[in-house]
Amino acid sequence: MHVVGVEVKAPFTAVYMSDTIKPRLWEEISKRSHEIKHQRKQASFIGVALSKNRIYHYIAGIEVTKPVQIPERMVGITLPAREYASYTHEGGGTRENTDQTYFYVLDKLRSQGLDHDPDAYSMEVHADLRTNKFTVCIPLRDE
C-alpha cells in the first residue's frame, strides 16, 4: 500500500503534542487532498503510525496507486504486503484513547498466541474523518 500525506515526528511521551498536531494534520490533508495524484478510486484516509525508539511518527494521508508526484510539504510511504489484525475503534480521537484501543488489541493477540511486529507501521483506516470511528490495523509478527 502506498500513502501520501503530511507527517509529524515527536517524542513518544509528548502525548499532548500529538493530540494537538494530529487533528491539524487531518484538517490539512482534507483541504489539500486534491493535490494528491493517483488516488485509488475508493481512496481511504489512512493514518500510518510507528512508535519506536522513543519517537512517535504519524502520517495522515490518502492511499494512492503509485507514489509519484508527491506534493510540496508532503511525504510518501510504502507499506509492504503483510498480515494485520484489525479492530474497529469507536470513541475519543485523542492519542490516549487510540493507544488504549491498541493496548486492548495487543492483549487480545497475545491471549491467542499471536504478537505484533513492533518494527512495522500500524494503520488507521478512516472511512469518514468526521467521526471517531476507524479501523485499527496492527501488523503481525512473521513466524
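As a starting point, this report considers the structure included with it. (Residues numbered from 1 in each chain as written. Predicted model: local features only at pLDDT ≥ 70, side-chain atom pairs only at ≥ 80, totals over all residues. Heavy atoms only, no water.)

## Let's talk about the packing of aromatic side chains
In step 1: Scanning all chains against the criterion turns up four aromatic pairs.
In step 2: Here W26 and Y58 contribute two aromatic rings whose centre-to-centre distance is 6.3 Å and whose plane-to-plane angle is 75°, an arrangement assigned as edge-to-face. Of this pair, W26 sits in helix α1 (residues 15–32) while Y58 sits in strand β3 (residues 55–64); the two residues are 32 residues apart in sequence, bridging distant segments of the chain. Comparing W26 with Y58, the two get one shared label, buried.
In step 3: When the ring of Y87 is compared with that of Y104, the centres are 5.3 Å apart and the planes differ by 55°; the resulting orientation is tilted. Taken as a pair, Y87 in strand β5 (residues 84–90) and Y104 in helix α2 (residues 95–111) lie far apart in primary sequence, 17 residues in all.
In step 4: Aromatic rings pair up to connect W26, F45, Y56 and Y58 into one cluster.
In step 5: Above the face of the Y58 ring, K22 is positioned so that its terminal group lies 4.3 Å from the ring centre. (Phe/Tyr/Trp six-rings, centres within 6.5 Å; stacked < 30°, edge-to-face > 60°. Helix = DSSP H or I, 4+ residues; strand = E, 2+ residues; numbered from the N terminus. Buried < 20%, exposed > 50% of the residue type's maximum accessible area, 1.4 Å probe, protein only. Lys NZ or Arg CZ within 6 Å of the ring centre and 35° of its normal.)

## Notes on the sheet that holds strand β6 (residues 122–126)
In step 1: Strands sit in the order β4-β1-β3-β2-β6-β7-β5 across an open sheet of seven strands; the sheet is antiparallel. Bordering the open sheet on either side are β4 (75–78) and β5, each of which pairs with just one other strand. Between one strand axis and the next, the sheet turns through 30° on average, direction left out of account.
In step 2: Where β5 and strand β7 (residues 133–139) come together, seven bridges link them in antiparallel fashion. From the neighbouring strand, A85 faces β7, where its bridge partner is I138. (Pairing = 2+ DSSP bridges. Axes fitted to C-alpha atoms, helices over the stretch in contact; angles between N-to-C directions.)

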